[in-house]
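Listed below, chain by chain, are the residues.
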Amino acid sequence: MSGGRLAVVGLGPGDAASRTAAADERLAAATDLVGYGPYLDLVAASDAIRHRSDNRQEEQRARLALDLAAAGRDVVVVSSGDPGVFAMATAVVETLHRSDGRYHDVDVSVVPGVTAASAAAARVGAPLGHDFCCLSLSDVLKPWPVVEARLEAVAAADLVVALYNPVSAHRPWQLGRALAILAAHRPATTPVVLGRDVGRAGETTTVTTLAAVDPGTVDMRTVVVVGSTTTRAFAGPAGRTWVYTPRRYPDATS
Ligand code: SAH
């Protein structure tokens, strides 16, 4: 049978309005949706067959999706946020790499989405306005010493950092350790933004500081943005707190 197509689609943070038109187009055309159950639930009306899987079975999910597409189906693999950021695009491309041309008939594409860091940043202004990076605190797929070494490098480089997968039942202490590493290099007043369930029901955004942040209030549905030494927060009208990182570095000459 001739090959079908497969798109790894980013759903954005959760609300349909933050999803790209390209993502909606592929979702509407799909005969099969593959993904982690809660992400499939974010896709409302669709007659497609839903192939639910556990969040950890990325490789099997990628292979299932490619096999369906190779059989002529129109397949969408869903990821929250952007599919290339700690999500399914890697598993699909890696499976292609390892498949010895088995899927050469399949038309594969990746449809980007709004990642959690961008969505949370937008709620408070522009904390990612200057150089920043994204770091996953999960040590399921990489050893914790690697995470710590990267945090030290982030701290030394004075980058704003968005921490994904900040805590889980199996990782209760890592976020506290991560914040302590950053706090050793940054003022106690450094703004910290906690974006929880951004774009979803019950969303909350909290602006706090490195000295005051309580890791106990953070869960897996939260992205944690820690400012650099130049990030500023101020109170605006209606009790709103704004956060931004200036694009001009303090000792820039021009
Ligand atoms: N591909 C996703 C990230 C998947 S890793 C993206 O680009 O956003 C899962 C982590 O992303 C969560 O632990 C959390 O830190 C963050 N995250 C994803 N969606 C979120 C949302 N709507 N609100 C807050 N954090 C979110």
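Residues numbered from 1 in each chain as written. Predicted model: local features only at pLDDT ≥ 70, side-chain atom pairs only at ≥ 80, totals over all residues. Heavy atoms only, no water.

One way to put it is that helix α3 (residues 58–70) packs onto helix α4 (residues 88–97) with a least axis distance of 9 Å and a crossing angle of 65°. Of the two possible hands of crossing, α3 and α4 adopt the one that is right-handed. Residues E58, E59, R61, A62, R63 and L66 of α3 pack against M88, A91, V92, T95 and L96 of α4. Of the residues that constitute the contact of α3 with α4, the class distribution is 6 nonpolar, 1 polar and 4 charged. (Axes fitted to C-alpha atoms, helices over the stretch in contact; angles between N-to-C directions. Helix = DSSP H or I, 4+ residues; strand = E, 2+ residues; numbered from the N terminus. Left-handed = near helix turned anticlockwise from the far one by under 90°. Contact = heavy atoms within 4.5 Å. Nonpolar A, V, L, I, M, F, W, Y, C, P; charged D, E, K, R; others polar.)

Moving on to the pairing of strand β2 (residues 32–36). Along β2, 4 of the 5 residues are buried, which leaves the element largely enclosed by surrounding structure. As judged from the 5 bridges shared by β2 and strand β3 (residues 49–53), these two strands associate in the parallel manner. Looking at β3, one finds that D32 is bridged to I49. Where β2 and strand β4 (residues 74–79) come together, 3 bridges link them in parallel fashion. Within the sheet, the bridge partner assigned to D32 lies in β4 and is V75. (Buried < 20%, exposed > 50% of the residue type's maximum accessible area, 1.4 Å probe, protein only. Pairing = 2+ DSSP bridges.)

We now examine helix α7 (residues 174–183). Among the residues of α7, those classed as buried are Q174, L175, A178, L179, I181 and L182. For α7, the angular spread of the buried residues around the axis is 155°, confining them to a single face. On its buried face, α7 is in contact with α6 (144–157), β8 (160–164) and β11 (222–226). (Arc of directions from axis to C-beta.)

Let us now look at the site of the ligand. The immediate surroundings of the ligand are formed by 20 residues, with D82, V85, T115, M220 and T222 found nearest. S80 has a polar backbone atom sitting 2.8 Å from a nitrogen atom of the ligand. Between V223 and the ligand, the recorded distance is 3.5 Å, taken from a backbone N or O atom to a nitrogen atom. Expressed as a share of its isolated accessible area of 550 Å², the protein-covered part of the ligand is 94%. (Near = heavy atom within 4 Å. Polar contact = N/O pair within 3.5 Å; in protein donor to acceptor, adjacent residues only side chain to side chain. Areas by Shrake-Rupley, 256 points an atom, 1.4 Å probe, with all protein chains shown as cover.)

A few words now on the packing of aromatic side chains. Under the counting rule described, the total for this entry stands at 4 aromatic pairs. On the basis of an interplanar angle of 85° and a centroid distance of 5.1 Å, the ring pair of Y36 and Y39 is categorised as edge-to-face. Note on Y36: relative accessible area 25%, which makes it partly exposed. The ring centre of W242 lies 4.0 Å from the NZ or CZ of R240, which sits over that ring. (Phe/Tyr/Trp six-rings, centres within 6.5 Å; stacked < 30°, edge-to-face > 60°. Lys NZ or Arg CZ within 6 Å of the ring centre and 35° of its normal.)

Despite not being glycine, D100 has its phi angle at roughly 50°, a positive value. You can see D100 is positioned in the loop between α4 and β5 (107–111). On the basis of relative accessible area, D100 is assigned to the exposed category, the value being 78%. You will see that D197, though not glycine, has its phi angle at about 50°, which is positive.

What follows is about the nonpolar core. If you look at the biggest cluster of nonpolar residues, it comprises 23 residues, and the most contacted ones within it are L137, L151, V161, L163 and V226. Sorting the residues of this core by element identifies β7 (132–136), α6, β8, α7, β9 (191–196) and β11 as the ones contributing at least two each. In contact with L163, not counting residues within four places along its chain, are L135, L137, L151, L175, T222, V223, V224 and V226. In terms of nonpolar packing, the next biggest core, distinct from the first, is built from 16 residues, A65, A69, V92 and V106 among them. (Core = buried A, V, L, I, M, F, W, Y, C linked by side-chain atoms within 4.5 Å.)

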